[in-house]
Structure formats: C-alpha cells, structure tokens
Amino acid sequence: MTMQNSAAEADRALKSKHRAMWAQGDYPSLAAEVIPDLGAILVEACGVGSGRRVLDVGAGSGNAAIPAALAGADVVASDLTPELFEAGRAVAEKQGAHLTWREADAEALPFGDAEFDTVMSCVGVMFAPHHQQAADELVRVCRPGGTIGLLNWTPQGFIGRMFAAMKPYAPPPPPGAQPPPLWGDEDHVRALLGDRVTDVSAERRTVRVDRFATPEMFRDYFKERYGPTISVYKNIAGEPERTAALDGALVDLARDGDQGTGSGGTVLEWEYLLFTARRTG
Ligand SMILES: C[S@@+](CC[C@H](N)C(=O)[O-])C[C@H]1O[C@@H](n2cnc3c(N)ncnc32)[C@H](O)[C@@H]1O
C-alpha cells in the first residue's frame, strides 16, 4: 500500500467512526428540543431567500436546511451521517419543506466549484477534524459574491467548556485532528478563509437553554442522546471511578453555568459565534 493509499484508508476509518458516533443516541430530538431556533437564526443572517441555491454542511436533521427551504431556497442538506436524514425528512414533510438530502463529508464535498449562492453550517462543519480542508471546500463550492455563513459553539462558551470537560476521558485525537470549538474563534475562522472572503460579520451571541430542571437532568440527557458524550462514556466504560468523575464534571459545568435563581430549574446561556462573509472573486 502506498503512503497516499494508507492515509486515505485512515481517513475513511476516522470518518466512519465519526459517522457511527453521530448516529448513536438521538441527535435529532436534541436539536429539536434544545436548540430549535439556531438554524433559523443562521438562515436569516445569511439572507437566504427565494430562488437561492443553498448548501447546508453538517446539516444533521435539517435544523438550518429546513427553514432555508421554507424561505423558498433550493436547498441541499448534506451530512456525513445519513442516518439523521430520516428524522429530517419527517420534519420537512410535516412542515411542507422540499429539499434534497445528500451524504457528504465536509472535507470532500461532492459538488462542483461555485455551485451554490449560500454555503452555511450550523454547529456542523466544526466537527470535521481537518479545519483547513473543510474551509477550503466551503469556499470552493460557493460562487464568487455568494455568502458563507457559520454558526459555531465558542471555546469559552458552555459547549466549548463541555468538550474541555470531556477531553480527559476521551481517547487521544488522531494525528492532525483539530478541536471542534476552535471554529467558534473569530480569528481562527478568518485565518481559515483568508482573503477568499470579504465583508465579514462576526458576532458572539448566546442561546438560552432552560429545559433542564436540574444539572443532573442536563447530564443524563446528553449521556443518552448526544453522540460525542455517549462515545466518551463508552471509552471509560468499566472504569467506575472515572465514570463518576465525568458524571461530576458535567453536573458541575451545568451548576456553574446556571443563570437561574435556583427556584425555577437550570437556566443556561450557550455562547456561539455567528459568522457571515462574502466570497470574493
Ligand atoms: C451538532 S450536529 C449539527 C447538526 C445540525 N446542523 C443542527 O444544527 O442541528 C453536527 C453534525 O455534523 C455532522 N458531521 C460531523 N463530521 C462531519 C463531516 N466530516 N462532514 C460532514 N458532516 C459532519 C454530524 O453528522 C452531525 O450531523
């Protein structure tokens, strides 16, 4: 096997591991119950409207793709994990949205150069492990003058801190893989896109999450439904002390982030970076 072949083989194995990670649990219900408004926020920031050809990268069950289709755009929802499309199709049908679902790795998009007016991703592309490769693909498939729109969890925000809390219990990342929350850092995203974009707008905002009555309920919900959290727990299965330590760390995180008064359940504000830019050329 040549060096190139073995690198391609290793990448395929990594991506199939990632696909299995996102297919476990129940990500579609989490997106619908915990962050249902984020997709529409991104769609609005991108100015998606009738007649525009839109690609959603890491679309999952269509949190952003469905509102884009409802806004009249011609939408392709793409994702590494086609298992999530079934839930997305059901929601789209219920809401009367028409769109195309396509299996695709963000680092090797199966689309032509400049095919889309808008290329967007709602907490999706940030999970592709090779950031520059993924950024290059976003730029490549966006037409000159088109819009690139990204909504990503920040490193210092709640989900960024959750990944930091899980890290000691996760297997070491494969060589060359970069941490997802870096995509929530404006300078990092600007550097990835470089002078291939202009008219950058970048704003840190928060989304309020108040559906968990207690920090323990937040932890248990993520343990049951969120692929990355499930995988970390699997990695330490059979190690009761480390499992208890991670249990405690996730509860502490939610307790620490609680903005509520203590009387009406846990109120969390999850910070994200909303980034839009115009493709030059
Ligand atoms: C947190 S979910 C976000 C899904 C959706 N955009 C939303 O807002 O609910 C992250 C998504 O990124 C996808 N993903 C992870 N790695 C990917 C890759 N290399 N290429 C494309 N999608 C990927 C996962 O399958 C998952 O659907």
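This one's a predicted model, so the numbers in the text were calculated from it and none came from an experiment.

**Q** How would you summarise the UniProt feature "domain: Methyltransferase type" (unreviewed entry) in the protein chain if you had to cite specific residues and measurements?
**A** The positions UniProt marks with the feature "domain: Methyltransferase type" (unreviewed entry) are residues 55–148. Between the C-alpha atoms that bound residues 55–148 there is a distance of 10 Å. The span itself is 30% helix and 29% strand.

**Q** Would you mind going over the environment of P36 in detail, with residue names and values included?
**A** With respect to the helices, strands and loops of the structure, P36 is situated in the loop between α2 (27–34) and α3 (38–45). Spatially, the C-alpha atoms of P36 and A64 are 9.1 Å apart, while their sequence positions differ by 28 residues. Ignoring anything within four residues of it in the chain, the contact list for P36 reads A31 and N63.

**Q** Mind laying out the pattern of salt bridges, listing which residues take part and the relevant values?
**A** Counting across every chain of the model gives 26 salt bridges. In this structure, R211 and E33 form a salt bridge, with 3.3 Å as the shortest nitrogen-oxygen distance. A residue pair is termed long-range when its members are at least 10 positions apart, and R211 in the loop between β6 (197–209) and α9 (215–225) and E33 in helix α2 qualify at 178 residues. Classification of R211 as partly exposed rests on a relative accessible area of 37%. With relative accessibility at 34%, the residue E33 sits in the partly exposed group.

**Q** How would you summarise the packing of helix α7 (residues 158–166) against helix α10 (residues 227–235) if you had to cite specific residues and measurements?
**A** It is at 11 Å that the axes of α7 and α10 come closest, and there the two elements cross at 15 degrees. Judged by the inter-axis angle, α7 sits roughly parallel to α10. As α7 packs across α10, the resulting crossing turns out to be left-handed. Contacts between α7 and α10 pair M162, F163 and M166 from the former with P228, T229 and V232 from the latter. For the contact of α7 with α10, a count of residues per class yields five nonpolar, one polar and no charged.

**Q** Please provide a residue-by-residue account of the packing of α9 against helix α11 (residues 240–257), values included.
**A** Running from N to C, α9 and α11 point in directions that differ by 125 degrees, and their axes come no closer than 8 Å. Relative to α11, α9 is oriented oblique. α9 and α11 meet at a crossing whose hand is right-handed. Residues P215, E216, F218, R219 and K223 of α9 lie in contact with α11, whose contacting residues are D247, L250, V251, A254 and R255.

What counts and what doesn't
- Residues numbered from 1 in each chain as written.
- Predicted model: local features only at pLDDT ≥ 70, side-chain atom pairs only at ≥ 80, totals over all residues.
- Heavy atoms only, no water.
- UniProt positions renumbered as here; feature names shortened; annotations may be inferred.
- Helix = DSSP H or I, 4+ residues; strand = E, 2+ residues; numbered from the N terminus.
- Contact = heavy atoms within 4.5 Å.
- Salt bridge = Lys/Arg side-chain N within 4 Å of Asp/Glu carboxyl O.
- Buried < 20%, exposed > 50% of the residue type's maximum accessible area, 1.4 Å probe, protein only.
- Axes fitted to C-alpha atoms, helices over the stretch in contact; angles between N-to-C directions.
- Parallel < 35°, antiparallel > 145°, perpendicular 65-115°, else oblique.
- Left-handed = near helix turned anticlockwise from the far one by under 90°.
- Nonpolar A, V, L, I, M, F, W, Y, C, P; charged D, E, K, R; others polar.

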